[in-house]
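# Descriptive analysis of the structure
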Amino acid sequence: MEVDKMDENDWKYHGEGNKSLVVSHVQFCRVLRLLKYPAEDSENPPQTAEQAFRQIQNIVDFSSNVMSSLLGEKFIHSGEVVKLPLEFVRQLSIKIQHQRPAWRCDKVMDIYSGCALCLPNLTSPALHHPTRIPPLCIEIKPKCGFLPSPKHVSKDIKTKVCRFCMHQHYKVANGKWKRRSLYCPLDLFSGNRQRMHFAIKHLIEEPQNNFKIFKGGQCIYSSKEGSDDSPDLNSLLHHLRPYFLYGNNRINGHMTCKAVLNDFIQVLVNALMSGGGGDGSVVTDRQGVGRSFCEASLFNKERIRHGSRGLPSDSVLFRILQTQMLDTLDIEGLYPLYRHVEQHLEDFPKERTRLQIDGPYNEAYLEKVQKCLAEDDGSVEYAAAKVHQYRVSMTAKDCSIMVGLVPSEEEDDEVLPSQLRPRDFRLPPFSYSISILDLDPKPFDSIPRQLRLDQKIVSCYLRTGGALPKGSLREREECTLLFHPM
């Protein structure tokens, strides 16, 4: 990328999160991720260009030196920091402003530092040869896949109902979403294909910001925050149907809506269960059965026809779950250790560097995470290491999985090593790629806020009695989606 020849017309709005905005190149598979800050700071940026560069470099270092080792290098694209011409950044900001969702405009794009993170555009998988229909990319934010140990929590409900399911009540009560999602992360992380299929059906039914589908780099299926409208399932099926013309669930030569959806989910489950390294062995549930089922999930345990074998050790979900489980104390058990570190830093401010509170995110930091003592010896080093582990686990709980699916042409005889063909052989194979995104380090100072949020979520759930969404009955366990004729 030649930064001295940057033209804002070569870039388009791609999306944004809470802390950054993304634009994609119209021709090449590249995206730029730029920082955002509150609109009231638009005239006086909250940090210098040097600080902005360091912030983005920290993201790269954390991803490449820490998360890559824990999650698997094959899944990670850390990117690189680039310095852009300020005039290009300002013109780009003007160009994309009208494309941004109104509810995101409380923050503005950083137009002062000229710093950005350059990454591959994973929503448009690279093609080794032309295909008849464009590649698909599915973005999943799986969230936390386990229940905390009862040893460190003050409310028993936290050991029975997962954080995501409780958080749904809080989000609806506060108007962030109109309807609760019935997706449960514990089903997706179970390694049981029935439960995983069930979980993905609920993600499709109510995607919120946990599920998106891209076709040829264009988003064709997602939710809009605060909207009354449900995502258009019929439109999604119209897009998906050409990819599954080889199915055997046909009525008079026409593939049913349910068959298209089931085949799509099956391909996605296969991709999530596949490896790409490791020994491929299946690791059974190490948490104990009681910690792998959420009482709020509508999935009936008795429906499992085959024993839950667990996730393959080289699968993306296994690596994410193992990293999430570095949080051994829950926020409640961690907070006293955070306070220990905080008080130590008040007395000895220079210790912040030695304890690597703000990085650098290098091999020494990774060693602190991986070699933390099993028992609390009362030292500030132990407390800081547990805080580091918690922050790493929080990143894993908030990451995104990008599953790229490239349909193999029907006449292709060659079977690629990364080819997915469902076990019943009635679906066309897909070449696939799996990546993990959104691997920013979580700030040390965010931990008190995390504790307050946790308390609000639990309190809201207990207050509402954990009621099922209006119109939802246990009969919905079959999760049958209804479609209008097309």
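Heads up: the structure comes first, above all this text.
Residues numbered from 1 in each chain as written. Predicted model: local features only at pLDDT ≥ 70, side-chain atom pairs only at ≥ 80, totals over all residues. Heavy atoms only, no water.

### Digging into the packing of aromatic side chains
One pass over the full model with this rule turns up eight aromatic pairs. Between phenylalanine 164 and tyrosine 183 the ring centres are 5.2 Å apart and the planes differ by 80°, which places this aromatic pair in the edge-to-face class. Placement of the pair is phenylalanine 164 in helix H3 (residues 163-173) and tyrosine 183 in the loop between H3 and helix H4 (185-188), with a sequence separation of 19 residues. A single burial state applies to phenylalanine 164 and to tyrosine 183, both of which are buried. Each ring, one from tyrosine 338 and one from phenylalanine 444, has its centre 4.8 Å from the other, and the planes form 45°; the classification is tilted. Taken together, the positions of tyrosine 338 in helix H9 (residues 330-347) and phenylalanine 444 in the loop between strand E16 (430-437) and helix H13 (447-464) put the pair 106 residues apart, joining distant regions of the chain. Each member of the pair tyrosine 338 and phenylalanine 444 is classed as buried. Clustering of aromatic rings is evident, with ring pairs tying together Phe62, Tyr361 and Tyr365. It is arginine 195 that lies over the ring of phenylalanine 293; its NZ or CZ is 3.8 Å from the centre. (Phe/Tyr/Trp six-rings, centres within 6.5 Å; stacked < 30°, edge-to-face > 60°. Helix = DSSP H or I, 4+ residues; strand = E, 2+ residues; numbered from the N terminus. Buried < 20%, exposed > 50% of the residue type's maximum accessible area, 1.4 Å probe, protein only. Lys NZ or Arg CZ within 6 Å of the ring centre and 35° of its normal.)

### As for the pairing of E16
With six of eight residues buried, E16 is to be regarded as a mostly interior element. By the bridge criterion, eight bridges tie strand E14 (residues 400-407) to E16 in an arrangement that is antiparallel. Its bridge partner lying in E16, valine 406 is registered against serine 431. (Pairing = 2+ DSSP bridges.)

### Remarks on the packing of helix H5 (residues 193-205) against helix H7 (residues 257-273)
Packing of H5 against H7 leaves a shortest axis separation of 10 Å and a crossing angle of 120°. Taken together, the axes of H5 and H7 lie oblique to each other. Handedness of the crossing formed by H5 with H7: right-handed. Together, Arg193, Met196, His197, Ile200, Lys201 and Ile204 of H5 and Leu261, Asn262, Phe264, Ile265, Gln266, Leu268, Val269, Asn270, Leu272 and Met273 of H7 make up the contact between the two elements. When grouped by side-chain class, the residues that make up the contact of H5 with H7 number ten nonpolar, four polar and two charged. (Axes fitted to C-alpha atoms, helices over the stretch in contact; angles between N-to-C directions. Parallel < 35°, antiparallel > 145°, perpendicular 65-115°, else oblique. Left-handed = near helix turned anticlockwise from the far one by under 90°. Contact = heavy atoms within 4.5 Å. Nonpolar A, V, L, I, M, F, W, Y, C, P; charged D, E, K, R; others polar.)

### Considerations on the pattern of salt bridges
Scanning the model with the defined rule gives 21 salt bridges in all. Measuring nitrogen to oxygen at the nearest pair gives 2.8 Å for the salt bridge that ties glutamate 16 to lysine 36. One end of the pair, glutamate 16, is in strand E1 (residues 11-16); the other, lysine 36, is in strand E3 (residues 30-38), and 20 residues separate them in sequence. No difference in accessibility class separates glutamate 16 from lysine 36, as the two residues are buried. (Salt bridge = Lys/Arg side-chain N within 4 Å of Asp/Glu carboxyl O.)

### Observations concerning a positive patch on the surface
A surface patch of like charges, here positive, comprises Lys19, Arg449, Arg452 and Lys456. The topology assignment puts arginine 449 in helix H13. (Patch = residues over 30% accessible without salt bridge, like charges linked within 9 Å, V, L, I, M, F, W, Y side chains within 5 Å. Areas by Shrake-Rupley, 256 points an atom, 1.4 Å probe, with all protein chains shown as cover. Lys, Arg positive; Asp, Glu negative; His and termini not counted. Charge placed at Lys NZ, Arg CZ, Asp CG, Glu CD.)

### Side note on the state of the cysteines
For the structure shown, the criterion picks out zero disulfides. We note that cysteine 144 lacks a disulfide partner, and the nearest cysteine sulfur, in cysteine 162, lies 7.6 Å from it. We classify cysteine 144 as buried; its relative accessible area is 15%. (Disulfide = S-S within 2.5 Å.)

### Section: the pairing of E14
Taken across its eight residues, E14 has eight buried, putting it largely inside the fold. Side chains of E14 alternate between two faces, with Ser400, Met402, Gly404 and Val406 and Ile401, Val403, Leu405 and Pro407 buried alike. Where strand E7 (residues 136-140) lies against E14, five bridges are found, and the strand directions are antiparallel. Paired with isoleucine 140 across the bridge in E14 is isoleucine 401.

### A closer look at the side chain of serine 93
Inspection of the secondary structure assignment puts serine 93 in helix H2 (residues 86-96). Taking the relative accessible area as the measure of exposure, serine 93 reaches 16% and is therefore buried. Apart from residues lying up to four places away in sequence, serine 93 is in contact with Met109 and Ile111.

### What about unusual backbone geometry?
Of the consecutive residues glycine 359 and proline 360, the connecting peptide bond is found in the cis state with omega at 0°. You can see proline 360 is positioned in the loop between helix H10 (351-354) and helix H11 (363-370). The phi dihedral of glutamine 208 is positive, around 45°, even though this residue is not glycine. Assessed through its relative accessible area of 1%, glutamine 208 is described here as buried. The phi dihedral of aspartate 330 is positive, around 65°, even though this residue is not glycine. Relative to the assigned elements, aspartate 330 resides in helix H9.

### Here we look at H11
Within H11, the full set of buried residues consists of Tyr365, Leu366 and Val369. Down the axis of H11, the sector holding all buried residues measures 100°, keeping them to one side. Elements in contact with the buried residues of H11: helix H1 (49-71) and helix H12 (380-397). Regarding H11, its N-cap is asparagine 362, as a side-chain oxygen of that residue lies 3.2 Å from the backbone nitrogen of alanine 364 further along. (Arc of directions from axis to C-beta. Polar contact = N/O pair within 3.5 Å; in protein donor to acceptor, adjacent residues only side chain to side chain.)

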